[in-house]
Structure formats: structure tokens, C-alpha cells
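Okay, here's what each chain looks like letter by letter:
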Amino acid sequence: MTNSKVWEVWEYTDVYRENKTWGVNDQCHTSDVYIDIDNMTDDELKRALKKLFGLKRSIRLKNLWVDGVETIITLDYIHKGESVPIGYLALKQ
């Protein structure tokens, strides 16, 4: 991942499920954040993303799936073996 950069936070506002696959109808840009990815553990990153997306305290960190490359970080919620999309962070250009 990249060093401290400004990331755009995008939240999925309308998701649907079709044929056991989740899709996204709509998303919105909620904010820009400065995150030092390289100096965070996976759990620290999950906690930060949990706060950014306003997820309930009852959601366990182990139920959050964070994946990413150099320019995008995606966040999904794992529930009953399914991965439900929440949103993503995109590196601000």
C-alpha cells in the first residue's frame, strides 16, 4: 500500500442481491480522509474504517473484510458466509 495519502471515502447507498451475488446501484462520496496505511495494523485499519462508515459497535472486526491495491481499498461485511459490500476508499488524485 502507499504511504500517508488523502483518500476519498465512498459509501454504497443502494445495494441489491441477485443470484447470490451482491451488486451496487448507487454510491456517494462522503468525505476525504488522511490515512497512514503503512503504519497501521489490519485491526487498526478496520477500526478506522468502521468509524468512517458509521458501522455499529456490535459489528466485529473479524466480520469486516478489507482488500486493496495501491489506489483503492474496499470494505465488505461478512455475514453468514456472504460478503456484503459497504464501500471503498479511493486514493485522491
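The structure under discussion appears in the preceding block.
In this text, all values refer to a predicted model and were calculated from it rather than measured experimentally.

Mapped onto the fold, Asn63 is located in the loop between α1 (42–52) and β3 (64–68). When the C-alpha atoms of Asn63 and His79 are compared, they prove to be 7.0 Å apart, with 16 residues separating the residues in sequence. Those residues in contact with Asn63 that lie beyond four places of it in its chain are Asp76, Tyr77 and Ile78.

Further remarks concern the pattern of salt bridges. Across all of its chains, the model carries two salt bridges by this definition. One salt bridge in this structure joins Arg17 and Glu82, with 3.0 Å as the shortest N-O distance. Residue Arg17 is found in strand β1 (residues 5–18), and its partner Glu82 is found in strand β5 (residues 82–91); the two are separated by 65 residues along the sequence. By relative accessible area, which is 46% here, Arg17 ends up partly exposed.

Attention now moves to the sheet that holds β3. Strand order in the open sheet formed by five strands is β2-β1-β5-β4-β3, and the pairing between neighbours is antiparallel. Strand pairing shows two members of the sheet lacking a second neighbour, β2 (21–35) and β3, which therefore form its edges. For this sheet, the mean angle separating the axes of adjacent strands, direction not counted, is 20°. With respect to the sheet, α1 is in contact with β1, β2, β3, β4 (72–79) and β5, its orientation differing from that of β3 by roughly 105°.

Each value, and the rule that gives it
- Residue positions are given per chain, counted from 1 along the sequence in the order it is written.
- This being a predicted model, a pLDDT of at least 70 is required before a residue's local features are given, and a value of 80 or more before pairs of side-chain atoms are given or counted; all residues contribute to the totals for chains, interfaces and linings.
- Calculated side-chain values reflect all of the structure's heavy atoms, with hydrogen atoms and water omitted.
- Helix numbering and strand numbering both begin at the N terminus, where a helix is a DSSP run of H or I of at least 4 residues and a strand a DSSP run of E of at least 2.
- Working rule for contacts: check all heavy atoms of both residues, and any pair within 4.5 Å makes them a contact.
- Salt bridge criterion: a side-chain nitrogen from Lys or Arg within 4 Å of a carboxyl oxygen from Asp or Glu.
- Working definition: with a 1.4 Å probe on protein chains only, accessible area under 20% of the residue-type maximum means buried, over 50% means exposed, and in between means partly exposed.
- A pair of strands counts as paired when DSSP detects no fewer than two bridges linking them.
- Note on geometry: axes are lines fitted to C-alpha atoms, helical ones only across the stretch in contact, with angles between N-to-C directions running from 0 to 180 degrees.

From the geometry alone we can't say anything about function, so treat these as descriptive.
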